[in-house]
Amino acid sequence: MISKIRIENFKSIEKLELKLAPLTIFVGSNGSGKSSVIETLAFLRQGMERKISSAYNAELVKLGTFKEVIHRGDKSKWLRIEFHTKVNKNEAERLEKSWDLPDGVAKLNKKRVEMIGYGIGIRENDTRHKALINDRTIVEVCSKEDKIFSSVKNYLPEGTLSHILYSNNFILYKEGIGRKGENFSKEFTKLMRDELSRVYYISTIRWLLPRTVQISGQDVMGKDIGSKFSELRSKGEEWVGVNGEYAIHMLSMIFGNRELRYKREKIIKWASEFGIKDIESGWTGRGLELKPSFEDPELKVVLNPASAGYGSRQILPVITQLFYSEAGSTIMIEEPEISMHMEYQLKLPKMFSEAVKEGKQIIITTHSEHLIMALKPLIASGELSHQDVAIYHFEKTRQGTKVERLRISETGIIEGWIPSYIKVEKEFLREWFKTLPTA
Amino acid sequence: MIFDRSAIVVFDTSIFVGLIFEKIEEEQGRALEAFEHLKRQGNHKLGVSEEIVEETVGRLWGIGQRGYDYILELMETLRELEEESRVVRPTKDLNNISIRFPIPSEVEHDTHVIKTAIAFKNRNIVCIVHKNPRDFNLVKDKMRRHHGIYVLTSEEYIDP
């Protein structure tokens, strides 16, 4: 679970540090920078297997170029992204056992390992990576020069630990170097890679569910999803896709596997809550073709989910990802309420709460007042702890994105309500007031 | 009877907030009774100012309630009166209203309610209806003497 992110000079964000909760919600006006935070994690995720120059535009997000993402287009600035994750007792012990670091670093980190972090700094033609333990930098390296920077200079002889982070990848253990720190480096890198590989991103457009899927065919988005999905599965990265384009594959796989019965039941339950009753998916019997179906809850006829209402179609990939993903996954969803009537919007927090209880981390952007409102009864009843929810309010100012964490009481009250909502509601009141006759 | 003639009734924010809660909770409380009483008096109009409406919704925001539900509830509640043109706003800007006596510190937070009532005074009979006798009793006599405005609890308004 990602516990903290720091961002510098990314799009409208000049400097930002956010502590993430099991359920983190970003609210604020359009263009205030909510999605930018999600994009930074997606950028790191898609940079895991690529050179940085190729990481700007890949399967999760398409960001353009360095010049397009650097704050105010100032290429002299460093774009920095850092994320931290808490480690459990076993992971901490494994990491400490692998402690073959020079004495200086061991001294630096006398405390028990609780949190590890990774950061990247990018400037035109220059990249630096750093590894952190308990929010302290233990090593910072330049990818080009294999040079160690900053405070670690006092602890490490130059060149010692640069293989923690390999030049062309964000985080990668370089096999076979066999220098001091290798075991630690291997453990550290594995933990960070595991964390990032469980980050999933689902965008606002996800209603293009195919009626059937030819395993070797093309989907409506024009991608060869059959081979793409096989490729993803072979890597153990099972994801519905940024537009839900692999949702039918995943559903077919889940429905065809008895061991996944628990996940299937959850998906059926929540799909039903959102108007897709008794969903099924699997082989059509005509070869390499997958086809889903469900029962219309009112008309009692069997239909293809591609014929369901837009709201139901939009949420099906989200349900699939939420209840298929393993504990420890981070699922980022842009505007889960898209196309939904308020009746459905009110159900979203309960579904998220259930996924949170299964150990998943959810980060959403939203404009839905109903979604926020529906958190209160869950928190008040104790179904969701107020500490498990973080609501951040985003505002774009002349200085860039400004973010404020809203306080949530133990009874689920958001103290002071949501600033940008109040602004609009006040305006609405003023307009109404002007319509009254005078006396 | 004080209000046999037409009158403008200014509800204190506590009455508005109580009214919305009682409507939502479907409880017949004092605020709702005062409102129903006003509706029955065909010659009474409800006087509101932007400041009172904003404070009403602001109090709900302050305790973490979402705004639109309450704004819509407020508008729904007032709709019948509105259709009869019995919800009115003052022509004067409250910033230009002077109070002819010093306001005790306990009542400072209700200055906008007092100013709203004064803004309506002109040729009208005006009363403030409230649920907070501890504070409003401090200005009751002065309001009557200096501005000719009645200050009544919801009970006094319903049964003068």
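Now for a quick tour of the structure. (Residues numbered from 1 in each chain as written. Chains lettered and ligands numbered in written order. Predicted model: local features only at pLDDT ≥ 70, side-chain atom pairs only at ≥ 80, totals over all residues. Heavy atoms only, no water.)

### Digging into the nonpolar core
Working step 1: By size, the foremost hydrophobic cluster in this structure holds 116 residues, and its most contacted members are Ile25(A), Ile279(A), Leu322(A), Met351(A), Phe352(A) and Ile391(A).
Working step 2: Membership of the second largest hydrophobic core comes to 57 residues, among which are Phe433(A), Val57(B), Ile71(B) and Val139(B). (Core = buried A, V, L, I, M, F, W, Y, C linked by side-chain atoms within 4.5 Å. Buried < 20%, exposed > 50% of the residue type's maximum accessible area, 1.4 Å probe, protein only.)

### With respect to the side chain of Ser36(A)
Working step 1: Secondary-structure assignment places Ser36(A) in helix 1 (residues 34-46).
Working step 2: Those residues within four positions of Ser36(A) in sequence are excluded, and the remaining contacts are Phe10(A), Lys11(A) and Ile13(A). (Helix = DSSP H or I, 4+ residues; strand = E, 2+ residues; numbered from the N terminus. Contact = heavy atoms within 4.5 Å.)

### Let's talk about unusual backbone geometry
Residue and element names in this part refer to chain A.
Working step 1: Residues other than glycine seldom take positive phi values, yet Asn-9 does so here, at roughly 60°.
Working step 2: By the secondary structure assignment, Asn-9 is in strand 1 (residues 2-10).
Working step 3: Positive phi values are uncommon outside glycine, yet Glu-335 reaches one of about 45°.
Working step 4: As for its placement among the helices and strands, Glu-335 is situated in the loop between strand 14 (330-334) and helix 11 (342-345).

### Topic: the pattern of salt bridges
Residue and element names in this part refer to chain A.
Working step 1: Counted under the stated rule, the structure contains 35 salt bridges over all chains.
Working step 2: Between Asp-194 and Lys-190 there is a salt bridge, with the nearest N and O atoms lying 3.0 Å from each other. Taken together, the residues Asp-194 and Lys-190, both in helix 6 (residues 182-197) and 4 residues apart, mark about one turn of the helix.
Working step 3: When its relative accessible area of 28% is taken as the criterion, Asp-194 is described as partly exposed.
Working step 4: Classification of Lys-190 as partly exposed rests on a relative accessible area of 44%.
Working step 5: With a shortest N-O distance of 3.4 Å, Lys-277 and Asp-278 are connected by a salt bridge.
Working step 6: Look at Asp-278 and you get partly exposed, because its relative accessible area is 39%. (Salt bridge = Lys/Arg side-chain N within 4 Å of Asp/Glu carboxyl O.)

### As for the pairing of strand 5 (residues 115-123) of chain A
Residue and element names in this part refer to chain A.
Working step 1: Counted residue by residue, strand 5 has 8 buried out of 9 residues, so it is predominantly covered.
Working step 2: Summarising the sheet, strand 4 (residues 79-86) and strand 5 pair through 8 bridges and their orientation is antiparallel. By the bridge assignment for strand 5, Arg-80 is matched with Gly-121.
Working step 3: Pairing of strand 5 with strand 6 (residues 126-133) involves 8 bridges; the strand directions are antiparallel. By the bridge assignment, Arg-123 is partnered in strand 6 with Asp-126.
Working step 4: Two successive antiparallel strands, strand 5 and strand 6, enclose a turn made up of 2 residues, where Asn-125 displays a positive phi of approximately 65°. (Pairing = 2+ DSSP bridges.)

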